[in-house]
Amino acid sequence: MELLNFSVVTQYYDVLLRGFGITIAMTLAVITMSLVLAVPVALARMSNSFLIRLVSGIYVEVLRGTPLVLQLVYIYFVLPGVGIRLNGMVAAILALTLHYTAYLSEVYRAGILSVPKGQWQAASALGMSRSRAFIRIILPQAVRTVTPALGNYFISLFKDTALASVVTVQELLFSGQIIAARTYQYFTIYTVCMIMYFSVGYPAAIFVRWLEKRTSSGYARKRCYTKGKAA
Amino acid sequence: MIELIGIEKSYGALNVLKGVSLSVARGDVVCIIGPSGSGKSTLLRCINYLEEPEAGTIMLAGVPAYRDIVNGRMFPRPRAEIDATRRDLGMVFQDFNLFPHLTVMRNITEAPITVCRVPRAEAEKRAVSLLERVGLADKVDAYPEELSGGQKQRVAIARALAMGPKAMLFDEPTSALDPELVGEVLEVMRSLAADGMTMIVVTHEMGFARQVADRVIFMDQGQIVEDAPPEQFFTAPAMARTRSFLRSVNPASAG
């Protein structure tokens, strides 16, 4: 038997592509939700109220301090015991979102704290409310600072979706496992899976590196293009 | 128009302001000088409530601002009311605090548009005329990082003026500037004063204080030591502490 057997791939490519599609869709769903949810969690961590700080702090530390795969299994296998029954896909998206929200909230928090105090003061002195100052002045600067860090988390999220195979979600890895179990072509199937993950993960990593460079080069740069056009 | 009565402020055990009272009439230019740590910047920041004093009253246009005192206890007003009061007081900071992610135009129009609901076109027209006034009409589309320190500070002044303040507070506006850029900022402030703007200026620029101020105040260790018209202040200060301070900043002329 040869190691590489491409007839398996042509035979099952639709299964692999479907799995790949689910992987991408899960990634996008979790990115969207955790990007939004992480903002209130970050704010809760900096709240004036001790209780809110405590609760949000416990949430973040528990999710950062335990394995993601355990969180996933916990939601899928333990919650039914208290009457909450979720299908594999919902459980996986929920677990990944909770997990990444915790991490992203820390990223946001660092970004918000990195904006100089003088920016708050200048906004306040102009009569802006705290919330307006936050939305219009602080958050845009914070997001810009943390964009590369966010990008790195999204890449690891993309790879972590493979854990959903543990709770029967037929994403790319699990699709591969099914085909491999049926055909015994482990080498071919898992190599193809690896190439598929890499074909997204690597360009994404290059993109994040480019973002890092761009972010560190200041605000005026984005205007160069318009300048050239005007001249 | 601005009246401070018995302002006290401390950070932990450190008493920064020990019951400072000060009254500034409409159109007056008051310069506050003093050694670092004397509490002059803190006093300025109390006026627009960036610092919250522990005791004392701030009166703006004859009415107590920021909080009410009922039976000897202080009750802060709602945040929205504090924010509204601040719009009447333009503030210029030592390190400019321009918004780096916004162009000069948006730095100036952001607050009028979002806070005061001025229509965009009108706010931009006003911004252009303010920029002309500070000599930076050609910098409308620049980002703060493309400007020199002096230009940044002039934009910051335009930004504060865009809210139509009744008085301007300057917190060491030229201290972070290279010496050759100080003049252009002082020039703008001088023209503001000539137009009758009420100004309180914390500064180390003795020449500016002498030429432009109606009154010069010397602060030391959280208290006002001397409060006099500039001629008298610089030629015949009443207090020994003022004399020794003036000697230390300018050994040649003071005496």
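What counts, and at which threshold
- Residues numbered from 1 in each chain as written.
- Chains lettered and ligands numbered in written order.
- Predicted model: local features only at pLDDT ≥ 70, side-chain atom pairs only at ≥ 80, totals over all residues.
- Heavy atoms only, no water.
- Helix = DSSP H or I, 4+ residues; strand = E, 2+ residues; numbered from the N terminus.
- Rg over C-alpha atoms; globule rule 2.2 N^0.38 Å.
- Buried < 20%, exposed > 50% of the residue type's maximum accessible area, 1.4 Å probe, protein only.
- Contact = heavy atoms within 4.5 Å.
- Lys, Arg positive; Asp, Glu negative; His and termini not counted.
- Charge placed at Lys NZ, Arg CZ, Asp CG, Glu CD.
- Areas by Shrake-Rupley, 256 points an atom, 1.4 Å probe, with all protein chains shown as cover.
- Buried area = accessible area lost by both parts, 1.4 Å probe.
- Salt bridge = Lys/Arg side-chain N within 4 Å of Asp/Glu carboxyl O.
- Nonpolar A, V, L, I, M, F, W, Y, C, P; charged D, E, K, R; others polar.
- Core = buried A, V, L, I, M, F, W, Y, C linked by side-chain atoms within 4.5 Å.
- Pairing = 2+ DSSP bridges.

**Notes on the overall build of chain B**
Here is step 1 of the chain: A count of helical and extended segments in chain B gives 9 helices and 12 strands.
Here is step 2 of the chain: Whereas a compact globule of 255 residues would reach a radius of gyration of roughly 18 Å, chain B reaches 19 Å, a difference of no more than 12%.
Here is step 3 of the chain: The C-alpha extent of chain B, read off along each of the three principal axes, is 55 × 55 × 30 Å.
Here is step 4 of the chain: Scored against the burial criterion, the 255 residues of chain B give a buried share of 55%.
Here is step 5 of the chain: Sequence separation of 24 or more characterises 63% of the internal contacts of chain B that already satisfy a separation of 6 or more.
Here is step 6 of the chain: Taken as two groups, the 28 positive and 32 negative side-chain charges of chain B have centres that lie 4 Å from each other.

**A look at the overall build of chain A**
Here is step 1 of the chain: Along its length, chain A carries 9 helices and 0 strands.
Here is step 2 of the chain: Along chain A, from the amino end to the carboxyl end, the secondary structure elements read α-α-α-α-α-α-α-α-α.
Here is step 3 of the chain: Counting over 231 residues, chain A shows a buried share of 44%.
Here is step 4 of the chain: Of the roughly 12400 Å² of accessible surface on chain A, 68% is carried by carbon and sulfur atoms.

**Here's the deal with the interface of chain B and chain A**
Quoted interface sizes are often the accessible area lost when the parts come together.
Here is step 1 of the chain: Across the boundary between the two partners, chain B contributes 30 residues, which contact 25 residues of chain A.
Here is step 2 of the chain: The largest contributions to the chain B side of the interface with chain A come from Phe 99, His 101 and Tyr 143 of chain B, which together make up 24% of the buried area.
Here is step 3 of the chain: If you look at where chain B meets chain A, you find 1 salt bridge.
Here is step 4 of the chain: Ionic pairing is found between Arg 136 of chain A and Glu 110 of chain B, a salt bridge with its closest N-O pair at 2.6 Å.
Here is step 5 of the chain: Among the secondary structure elements, those contributing two or more residues to the side of chain B that touches chain A are helix H2 (79-86), strand E8 (89-92), helix H3 (104-114) and helix H5 (149-161) of chain B.
Here is step 6 of the chain: Ranked by the residues each element gives to the side of chain B that touches chain A, the list is headed by H3 of chain B, at 4 residues.
Here is step 7 of the chain: Residues of the side of chain B that touches chain A, tallied by class, amount to 14 nonpolar, 4 polar and 12 charged.

**Looking at the nonpolar core**
All names here are of chain B.
Here is step 1 of the chain: Ranked by size, the top nonpolar core spans 51 residues in total, and within it Ile 157, Met 168, Phe 170, Met 189 and Met 199 carry the most contacts.
Here is step 2 of the chain: No other element matches the 8 residues that helix H6 (residues 179-194) contributes to this core.
Here is step 3 of the chain: Those residues within four positions of Met 199 in sequence are excluded, and the remaining contacts are Asp 28, Val 29, Val 30, Met 168, Phe 170, Met 189, Leu 192 and Ala 193.
Here is step 4 of the chain: One finds Val 30, Leu 43, Ile 82 and Leu 89 within the second-largest nonpolar core, a separate group that totals 49 residues.

**Here we look at the side chain of Asp 28 of chain B**
Residue and element names in this part refer to chain B.
Here is step 1 of the chain: Inspection of the secondary structure assignment puts Asp 28 in the loop between strand E2 (14-24) and strand E3 (29-33).
Here is step 2 of the chain: Buried within the structure, Asp 28 lacks any salt-bridge partner; its nearest side chain of opposite charge belongs to Arg 215, at an N-O separation of 4.1 Å.
Here is step 3 of the chain: Sequence-distant contacts of Asp 28, that is, excluding residues within four places in its chain, are made with Met 197, Thr 198, Met 199, Asp 214 and Arg 215.

**Concerning the pattern of salt bridges**
Here is step 1 of the chain: Per the counting criterion, the structure on display carries 21 salt bridges over all chains.
Here is step 2 of the chain: In this structure, Arg 120 of chain B engages Glu 124 of chain B in a salt bridge whose closest nitrogen and oxygen atoms are separated by 3.7 Å. Here Glu 124 of chain B and Arg 120 of chain B lie together in helix H4 (residues 120-133), a separation of 4 residues that amounts to about one turn.
Here is step 3 of the chain: Its salt-bridge partner being Asp 227 of chain B, residue Arg 215 of chain B comes within 2.8 Å of it at the nearest N-O pair. With a gap of 12 residues between them, Arg 215 of chain B in strand E11 (residues 215-220) and Asp 227 of chain B in strand E12 (residues 223-228) connect regions that are remote in the sequence.
Here is step 4 of the chain: Via salt bridges that share partners, Arg 45, Glu 61, Arg 64, Glu 106 and Arg 109 of chain A belong to a single interconnected network.

**Overview of the pairing of E12 of chain B**
Here is step 1 of the chain: Pairing of E11 of chain B with E12 of chain B, which is carried by 5 bridges, proceeds in the antiparallel orientation. Residue Ile 217 of chain B lies in a different strand from E12 of chain B, and its bridge partner there is Asp 227 of chain B.

**Regarding unusual backbone geometry**
All names here are of chain A.
Here is step 1 of the chain: Located in the positive-phi region is Thr 168, a residue other than glycine, with phi close to 70°.
Here is step 2 of the chain: Among the structural elements, Thr 168 can be located in the loop between helix H6 (130-160) and helix H7 (172-183).
Here is step 3 of the chain: Residue classification places Thr 168 among the partly exposed residues on the basis of a relative accessible area of 47%.
Here is step 4 of the chain: We note that Tyr 184 has phi near 65°; this positive angle belongs to a residue other than glycine.
Here is step 5 of the chain: Mapped onto the elements, Tyr 184 comes out in the loop between H7 and helix H8 (186-215).

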